[in-house]
Amino acid sequence: MTVAKRIDGKAKAAELAESITKQSAALLAEHGIKPGLAVVIIGEDPASQVYVRNKKRTAEACGFHSVQHTIAADTSQSDVLQLINDLNNDDAIHGILVQLPLPAHLDEQVITQAIKPSKDVDGFHFINIGKLTAGLTADAFVPCTPAGCMLMIEDEMGSDLSGKNAVVIGRSNIVGKPMASLLLQANATVTITHSRTKDLPQVVAAADIIVAAVGRPDMVKADWVKPGAVVIDVGINRVEKTVDGETKMGLTGDVDYDDVCTVAGAVTPVPGGVGPMTIILLMANTLRSARLNCGLKG
Ligand code: GUN
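Residues numbered from 1 in each chain as written. Predicted model: local features only at pLDDT ≥ 70, side-chain atom pairs only at ≥ 80, totals over all residues. Heavy atoms only, no water.

### Side note on the site of the ligand
All residues adjacent to the ligand are Leu97, Val98, Gln99, Leu100, Asp122 and Phe124. In the model, a nitrogen atom of the ligand is placed 2.8 Å from a nitrogen or oxygen of the valine 98 main chain. Glutamine 99 places a polar side-chain atom, nitrogen or oxygen, 3.2 Å from a nitrogen atom of the ligand. For the ligand, whose free accessible area comes to 280 Å², the fraction covered by protein is 82%. A breakdown of the residues in the shell around the ligand according to their chemical character gives four nonpolar, one polar and one charged. (Near = heavy atom within 4 Å. Polar contact = N/O pair within 3.5 Å; in protein donor to acceptor, adjacent residues only side chain to side chain. Areas by Shrake-Rupley, 256 points an atom, 1.4 Å probe, with all protein chains shown as cover. Nonpolar A, V, L, I, M, F, W, Y, C, P; charged D, E, K, R; others polar.)

Listed below in C-alpha cells is the structure:
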C-alpha cells in the first residue's frame, strides 16, 4: 500500500514567517514603517474568535503593528462603515480585515466593498477580484486561503501546471472561485464543482490536483482519487471524534485523510495544512501593502 506524503503547512508557514519577520524588521530600520494590520470582529462567533486570536498573535510575532476591533453583534451598519472609513484613513494601518461571517443584519457586500482596495489584504474587493480574474495576479491582493493552497501545490508540482487537471470542490467567493483563477493562471485545466454537480466522484477521479472546500467532513474518499494526485483540504469541520474509547470534539477536513493517503501522492492534514498557510499569507499581503505604501516593490 502506498502512503501519500503529508504536506506540512505548519512547517512551511513557519519558514515564511521567518522571512516576513526579517523583511518587516528591515522596513522598520530602513523606512521607519511597521506593517499595520487591523482586524475587525463583529459579534461572538466562537470559531471566528479563535481565527482572529491566531491572526493577532501571528501579526505580533512578525513584528507588525496589530490592532483588533471587537465590536458588539448589534452594531449598526453605519457604525461599522464609519470604523472602516477611519481605518482607510489611518496611515499606521496597511491592511484591514473584517472577519466573516457577519451578523445577519449587516450587508457583507457593502462592508467588504467599503475597504480601500489598497488595504484589502483579504482580496475581497471587486478591484482585486477583477485583477485576479483578468490574470493580473502580481498587481492584486489575492485571497489568503487560495494563495496559501497555491504555494503548497507549486511545492509539489512546480509553478507550471500545463497538462494537469485540477478539480476545485466548492464555488465560494473566498476559496473556490479565486482558487480556480489561480490554477487557471498556472495553466491547469480547471473544473469547479459544487452541490449541483452530477457524478462528483467521477469528475474528481480525473484530477491531478484536488482542492476540497465545501465544509462536509471526510467527504472525499480514496476511490474518488487518481493515484498520485495532490490533495489540498481546505475544510475545517468540528466533529465528535472517538480516540481510545473517549469521545471528544475535534477538527476534521473535507477529505478522509487516512483513506485518501492510501492512493494520493500528497495530502494536506487538518489541522496543520491549509490553516497556518492562510494566516501567514495574510501577513505576506499586509507586508506587501506596507512596502507598496513606501514606494517599494511589493
Ligand atoms: N472567515 C473565514 N475565512 C475568512 C477569510 O479568509 N477572511 C475573512 N475576512 N473572514 C473569513
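### Quick word on the sheet that holds strand E2 (residues 36–42)
Overall, parallel pairing links the three strands, which are arranged E3-E2-E4 in an open sheet. Across the chains shown, the open sheet's two edge strands, defined by having one partner strand only, are strand E3 (65–71) and strand E4 (95–98). Averaged over all neighbouring strand pairs, the angle between strand axes comes to 15°, with direction disregarded. In this sheet, E4 lies alongside E2 in parallel orientation, the contact comprising four bridges. Bridge pairing in E4 links valine 40 to valine 98. Relative to E2, helix H10 (residues 274–293) is tilted by about 130°, and along the sheet it contacts E2 and E4. (Pairing = 2+ DSSP bridges. Helix = DSSP H or I, 4+ residues; strand = E, 2+ residues; numbered from the N terminus. Axes fitted to C-alpha atoms, helices over the stretch in contact; angles between N-to-C directions. Contact = heavy atoms within 4.5 Å.)

### Description of the pairing of strand E9 (residues 237–243)
Pairing of E9 with strand E10 (residues 246–252) involves seven bridges; the strand directions are antiparallel. When the sheet's bridge partners are listed, valine 239 is paired in E10 with glycine 250. As consecutive antiparallel partners, E9 and E10 are separated by two residues, and within that stretch aspartate 244 has a phi angle of approximately 50°, a positive value.

### A word on the packing of helix H2 (residues 46–61) against H10
At their nearest, the axes of H2 and H10 sit 10 Å apart, and the two run at 50° to each other. With respect to H10, the axis of H2 lies oblique. Where H2 crosses over H10, the handedness of that crossing is right-handed. Of the residues in H10, those touching H2 at Asn54, Lys55, Thr58 and Ala59 are Ile279, Ile280, Leu282 and Met283. Among the residues forming the contact of H2 with H10, the class breakdown is five nonpolar, two polar and one charged. (Parallel < 35°, antiparallel > 145°, perpendicular 65-115°, else oblique. Left-handed = near helix turned anticlockwise from the far one by under 90°.)

### Regarding the nonpolar core
Burial of nonpolar side chains together is a common tendency in soluble globular proteins. Formed by 48 residues in total, the largest nonpolar core has its most connected members in Leu183, Ile232, Ile280 and Met283. Ranked by residue count, the leading element in this core is H10, at nine residues. Residues in contact with leucine 183, not counting those within four places in the same chain, are Met150, Ile153, Leu161, Ala166, Val168, Ala188, Val190 and Ile209. Of all hydrophobic cores here, the second largest spans 19 residues; its members include Leu200, Val220, Val231 and Val267. (Core = buried A, V, L, I, M, F, W, Y, C linked by side-chain atoms within 4.5 Å. Buried < 20%, exposed > 50% of the residue type's maximum accessible area, 1.4 Å probe, protein only.)

### Considering helix H7 (residues 176–185)
Helical geometry: 3.6 residues make up each α-helical turn, so side chains three or four residues apart lie on a common side. Counting buried positions over the ten residues of H7 gives seven, a clear majority of the element. Residues Gly176, Pro178, Met179, Ala180, Ser181, Leu182 and Leu183 constitute the buried set of H7. Those residues of H7 that are buried are in contact with helix H5 (126–133), helix H6 (144–157), strand E5 (165–169), strand E6 (189–193) and strand E7 (209–212). One or two steps after H7, the chain reaches asparagine 187, where phi turns positive at roughly 75°.

### Some remarks on H2
For H2, with 16 residues, the first-to-last C-alpha span of 23 Å sits near the 22 Å given by 1.5 Å per residue. Three or more residues of H2 are buried, namely Ser48, Val52, Lys55 and Ala59. Buried residues of H2, viewed axially, fall in a sector of 60°; they line one side. Structural note: H2 exposes Pro46 and Ala61 on the side pointing more than 90 degrees away from its buried face. On its buried side, H2 packs onto E2, E3, E4 and H10. Backbone geometry just downstream of H2 places glycine 63 in the positive-phi region, at approximately 80°. (Expected span 1.5 Å × (residues − 1). Arc of directions from axis to C-beta.)

### Examining the side chain of arginine 288
Counting through the fold element by element, arginine 288 comes out in helix H10. No salt bridge forms around the buried arginine 288; measuring N to O, its nearest opposite-charge neighbour aspartate 139 is 5.1 Å away. If sequence neighbours within four positions are ignored, arginine 288 has contacts with Ala138, Asp139, Ala140, Phe141 and Gly298. (Lys, Arg positive; Asp, Glu negative; His and termini not counted. Salt bridge = Lys/Arg side-chain N within 4 Å of Asp/Glu carboxyl O.)

### Concerning the pattern of salt bridges
For the coordinates displayed, the defined rule picks out eight salt bridges. Measuring nitrogen to oxygen at the nearest pair gives 2.8 Å for the salt bridge that ties glutamate 156 to lysine 5. Of the two residues, glutamate 156 sits in helix H6 while lysine 5 sits in strand E1 (residues 5–6), which places them 151 residues apart along the sequence. Measuring nitrogen to oxygen at the nearest pair gives 3.4 Å for the salt bridge that ties aspartate 139 to lysine 131. Relative accessible area serves as the criterion here: at 47%, aspartate 139 is assigned to the partly exposed category.

Just geometry here; none of it tells us what the structure is for.
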